[in-house]
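# Residue-level structure breakdown
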Amino acid sequence: MRLQGCIAVFTPSHCCASHKNNYLQKSESSIVQIRGFTIESAERVLYHHIMEKRITTLEVTATQTCKSMDHLERSVADLRSEMHHSVSDLRRDIDRKFIWMMGTQIAALIAIMSAMAKLAHLF
């Protein structure tokens, strides 16, 4: 990340004119170094500020995600419990109907056998 634009170098207002002239007479390389330091410092401050915001945003997002996951886990656990009860009720109902159906078929088989026996004059 690089800062673009103008860089203002601030000097104290009580500084005498000779100090300002000495500063302006310095070589271009030292001014670049000073400006480079200023850019790097500003970049670090800006980077840390942006990263703090990102970290705070990530922490809030992670907290909300954890709460959502806990809510989802509780909902799934409730759904499993409800489905377990529904399946056990369904099994009982199917068992009851299966026994009733088998009883009906056995009764029909006995009725048909007794009708055949009567037709055959076995009794």
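Check the entry above for the structure.
Described in the following lines is the structure provided in the data block. (Residues numbered from 1 in each chain as written. Predicted model: local features only at pLDDT ≥ 70, side-chain atom pairs only at ≥ 80, totals over all residues. Heavy atoms only, no water.)

As a further point, take the pattern of salt bridges. All told, the structure shown has 3 salt bridges when counted by the stated rule. Residues R92 and D89 are paired through a salt bridge, measuring 3.1 Å at the closest nitrogen-oxygen approach. One end of the pair, R92, and the other, D89, are both in helix 2 (residues 28–119), 3 residues apart, so they sit about a helical turn from each other. Judged by relative accessible area, D89 falls into the partly exposed class, the value being 41%. The salt bridge partner of D93 is K97, with a shortest N-O separation of 3.6 Å. (Salt bridge = Lys/Arg side-chain N within 4 Å of Asp/Glu carboxyl O. Helix = DSSP H or I, 4+ residues; strand = E, 2+ residues; numbered from the N terminus. Buried < 20%, exposed > 50% of the residue type's maximum accessible area, 1.4 Å probe, protein only.)

Before going further, it helps to spend a moment on a nonpolar patch on the surface. There is a patch of nonpolar side chains on the surface, built from F98, I99, W100, M101 and M102 and spanning about 590 Å² of accessible area. Mapping M102 onto the fold places it in helix 2. We classify M102 as partly exposed; its relative accessible area is 33%. (Patch = residues over 30% accessible without salt bridge, like charges linked within 9 Å, V, L, I, M, F, W, Y side chains within 5 Å. Areas by Shrake-Rupley, 256 points an atom, 1.4 Å probe, with all protein chains shown as cover.)

Any functional reading would require information beyond the geometric quantities listed.
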